[in-house]
Amino acid sequence: MWEYTDKVKEHFLNPKNIGEVENPDGVGDVGSIACGDALHLTFKLDEQGRIADAKFKTFGCASAIASASALTELIKGKTLEEAEKITNQEIANYLGGLPKEKMHCSVMGQEALEQAIASCRGTEVQKAEGEVICECFGVTDKEIERAVRENNLKTVEDVTNYTKAGGGCERCHDDIRKLIAKVQGETAPEEKKPLTNIQKIKLIEETIEREIRPSLRQDGGDIELVDIIGNRVQVATRGACAACPSAPITMKNLVEAKLREFVSPDLVVEEVSS
Amino acid sequence: MKPIYVDNNATTQVAPEVMAAMLPYFREYYGNPSSMHTFGGQVGPKVRKAREQVAELIGANADEILFTSCGSESDNTAIRSALASNPEKRHIIISRVEHPAIRSLTASLENQGYRVTEIPVDSQGHLNLEKLQESLTPDTAIVSIMWANNETGVIFPLEKIAEMVHRHGITFHTDAVQAVGKIPINLRNTTIDMLSLSGHKLHAPKGVGGLFIRKGTKFSPFLIGGHQERGRRAGTENVPGIIGLGAGCQLAKKNMDQENSRVRKLRDHLEKELLYRIPNSLVNGDPLQRLPNTSNISFEFVEGESILLMLNEFNICASSGSACTSGSLEPSHVIRAMGVPFTMAHGSIRFSLSIYNTREEVDFIIDKLPPIIERLRLMSPFGSQGNKAACTLQ
Ligand code: FES
């Protein structure tokens, strides 16, 4: 039997806010009976746009019931903007933690909330389309990638705990492993080798040409590269820019920002006269 | 409150008689039966006696009984022995509802290049005998089919199955861990080659099991070392455990009638009342061809772990074939193999009784469970119709 915290037990045995809010402003439905758990969340806003009442119905294990109960408690009194920041980890934390095998219950809570907020705003949750990777539980690559990214998951077992994918026939394990590697590869980009001076100069010139000059020219201005000393990039303004009182802002917000983005985050731009 | 233990297919309490039989062999008679001195010699006859007691329960000869550490070891020994004795054959047949002791073993053998065929069951849990017949090939080294299912209690027509397999000259093994001690078994009338049993399912302790190996069956040991068990299993004998197993078998023989009448009546009462009081509930498995102590009931629109934990609040200890309690996310492979729909499969609870359960205990469960189901259904997005729907009891 799973080890549950007292808080989980309390919310399972005496769940708060069971039922359905009348004339709800937000409705979220996730899960299915085939998957073994499902959650129906409803809430109502007050005049200030805060969640005045929230209720749930759930089919699932003790963690699913406790997570739903915790979720309704967490969102009450919050604006939609505040509520939408709630993560599955916060739901789990509120309960003093969930067994790792049961983290998918907190994920279900987060998803139901997203859906309910979207329905309230009259939009649709951007359902990450994608290809079904786990046939047993109907989980797509996009959903797996998101869970891996948001919770820094490292193993197939982690993915199963958070999404259920891989918890059945295990045929999808290889694909899940590939997705983990892909996402982990994104988040930990290969250490870039430092640029040589020549590479750096070339890249700065290219960036000025491609990303900076066209927008300055639109306003009748221009810029010229004067020198590069270490990470200091010295430039001179030309045309309209030379006489523009906002030139220092342009230097910071456009020139320096673009050079940092495309060349190196360490660069500092200085305006010199020449 | 004293716990109401209705999870006897998981394990049983050691019977007081069994305990009494074992105790002296921890403190007074702790000799090693392999020793030459008197001290060791004192226990040898007791081990022999236990072997006879086991043999007697299942209609075998004492020298056909091998003591092991558990049912899983017996299963492993039987299957690996059959493969080692027929090295040219690469095919194994099991049922789709075998215990993990068999399923995990054959899955690992599959990775080593063996072919495994799993015979399906129908909605009542009966084995598809035609499919079994078709699957027997000259390449089949062993067929291993359980005698009674641990989750539903469904009993397979083992004598018939063994006969069918034997006609093809294929070794036949049965995992009879749940059947031994609960229903009469007489191996003399059958062509079963090997049979596994386990102590802790019949009020003997955990950590001791047995394997029947019919005289003349080719055998290759699994544990290799000393000459214990006539060279068929190395390792110093678990003397107190073996004596406990013998005593447990003797007790089971004595209690068989009670198991088949009083326990069966209790089980039927439990089942009938629960089905009557809880709409949309259903018994899994053949209603008649079942172990007398086992009842597996599905409650639609609710999930097994939640039921179990709420029962636990009343100190009622049952078990669930549901995903959540087993560590896997899918409902029990047995229930799914029977094609029970998901709405039912997730909410299945197994009650397994023993001679120690009383009518009061069963009535207490009958009293406590319906409100639990009703409460969970009220909480469930699918469940409100479950509470109102007509009773499924015919
Ligand atoms: S396809 Fe993913 S577990 Fe079966």
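Residues numbered from 1 in each chain as written. Chains lettered and ligands numbered in written order. Predicted model: local features only at pLDDT ≥ 70, side-chain atom pairs only at ≥ 80, totals over all residues. Heavy atoms only, no water.

J.: Honestly, the pairing of strand S2 (residues 37-45) of chain A in this entry has me stumped. Any pointers?
T.: Two faces belong to every sheet, and in a regular strand the side chains alternate between them. Residues and elements named next belong to chain A. Judged by how many residues are buried, S2 sits mostly within the fold: 7 of 9 residues are covered. Here strand S1 (residues 26-32) runs beside S2; their pairing, made up of 7 bridges, is antiparallel. Bridge pairing in S2 links Gly 26 to Phe 43. Count of turn residues in the S1/S2 antiparallel hairpin: 4 residues, of which Gly 36 carries a positive phi of about 95°. Relative to strand S3 (residues 51-59), S2 runs antiparallel, the two sharing 8 bridges. Bridge pairing in S3 places His 40 opposite Lys 57. (Buried < 20%, exposed > 50% of the residue type's maximum accessible area, 1.4 Å probe, protein only. Helix = DSSP H or I, 4+ residues; strand = E, 2+ residues; numbered from the N terminus. Pairing = 2+ DSSP bridges.)

J.: Just to check I follow, could you spell out unusual backbone geometry for this structure?
T.: Most peptide bonds adopt trans geometry, and most residues besides glycine take a negative phi value. A positive phi angle, near 80°, is found at Lys 164 of chain A, a position not held by glycine. At Phe 301 of chain B, a residue that is not glycine, the phi angle is positive and equals roughly 75°. Judged by its relative accessible area of 9%, Phe 301 of chain B falls in the buried class.

J.: What exactly am I supposed to notice about the packing of aromatic side chains here?
T.: The geometry of two aromatic rings is summed up by the distance between their centres and the angle between their planes. Evaluated as defined, the whole model comprises 4 aromatic pairs over all chains. Relative to Phe 382 of chain B, the ring of Phe 59 of chain A lies with its centre 5.7 Å away and its plane at 70°, an arrangement referred to as edge-to-face. With Phe 59 of chain A in strand S3 and Phe 382 of chain B in the loop between helix H14 (359-379) and helix H15 (384-388), this residue pair bridges two chains. Given a relative accessible area of 1%, Phe 59 of chain A falls into the buried group. Classification of Phe 382 of chain B as partly exposed rests on a relative accessible area of 24%. Relative to Tyr 29 of chain B, the ring of Tyr 25 of chain B has its centre 5.4 Å away and its plane inclined at 40°; by these criteria the two rings are tilted. For the cation-ring pair, Arg 210 of chain A lies above Phe 262 of chain A, with the distance from its terminal atom to the ring centre recorded as 5.3 Å. (Phe/Tyr/Trp six-rings, centres within 6.5 Å; stacked < 30°, edge-to-face > 60°. Lys NZ or Arg CZ within 6 Å of the ring centre and 35° of its normal.)

J.: Would you take a moment to explain the packing of helix H9 (residues 197-218) of chain A against helix H10 (residues 247-262) of chain A for this structure?
T.: The axes of two packed helices give the description: the angle between them and the distance between them. All names here are of chain A. Closest axis-to-axis distance for the H9/H10 pair is 9 Å, and the angle between their directions is 140°. Considered as vectors, H9 and H10 are oriented oblique to each other. When the axes of H9 and H10 are compared, the crossing they make is right-handed. Contacts from Leu 203, Ile 204, Thr 207, Ile 208, Arg 210, Glu 211, Ile 212, Ser 215 and Leu 216 of H9 reach H10 at Thr 250, Leu 254, Val 255, Lys 258, Leu 259 and Phe 262. (Axes fitted to C-alpha atoms, helices over the stretch in contact; angles between N-to-C directions. Parallel < 35°, antiparallel > 145°, perpendicular 65-115°, else oblique. Left-handed = near helix turned anticlockwise from the far one by under 90°. Contact = heavy atoms within 4.5 Å.)

J.: Looking at this model, I keep getting lost on the interface of chain B and chain A. Mind explaining?
T.: By a frequent convention, interface size equals the accessible area lost on bringing the separate parts together. With 25 residues of chain B in contact, the opposing surface of chain A contributes 31 residues. Summed over both sides, the interface of chain B with chain A buries roughly 2,300 Å², with 70% coming from carbon and sulfur. Viewed at the interface, chain A and chain B are joined by 1 salt bridge. Between the two partners, chain B and chain A, sit 7 residue pairs in polar contact (both at pLDDT 80 or more). If you list the elements that add at least two residues to the side of chain B that touches chain A, you get helix H10 (304-313), helix H11 (323-326), helix H13 (342-345) and H14 of chain B. When residues of the side of chain B that touches chain A are assigned to their parent elements, the largest contribution, 5 residues, is made by H10 of chain B. Residue classes in the side of chain B that touches chain A are distributed as 12 nonpolar, 8 polar and 5 charged. (Buried area = accessible area lost by both parts, 1.4 Å probe. Salt bridge = Lys/Arg side-chain N within 4 Å of Asp/Glu carboxyl O. Polar contact = N/O pair within 3.5 Å; in protein donor to acceptor, adjacent residues only side chain to side chain. Nonpolar A, V, L, I, M, F, W, Y, C, P; charged D, E, K, R; others polar.)

J.: Would you explain the sheet that holds S3 of chain A in this entry?
T.: Backbone-to-backbone hydrogen bonds join strands into a sheet, with any given pair of strands oriented parallel or antiparallel. Residues and elements named next belong to chain A. On the basis of which strands lie adjacent, the open sheet formed by 3 strands has the order S1-S2-S3 and antiparallel pairing. Both outer strands of the open sheet, S1 and S3, are each paired with one neighbouring strand and no more. Going from strand to strand, the sheet's axes swing by 10° on average, the running direction of each strand aside. Relative to the sheet, helix H2 (residues 62-75) contacts S2 and S3, its axis offset from that of S3 by approximately 175°.

J.: Is there a simple way to explain helix H7 (residues 156-163) of chain A in this structure?
T.: All names here are of chain A. The buried fraction of H7 is high, at 6 of 8 residues. Restricting attention to buried positions, one finds in H7 the residues Val 156, Val 159, Thr 160, Asn 161, Tyr 162 and Thr 163. Of the residues one or two after H7, Lys 164 is the one with positive phi, at around 80°.

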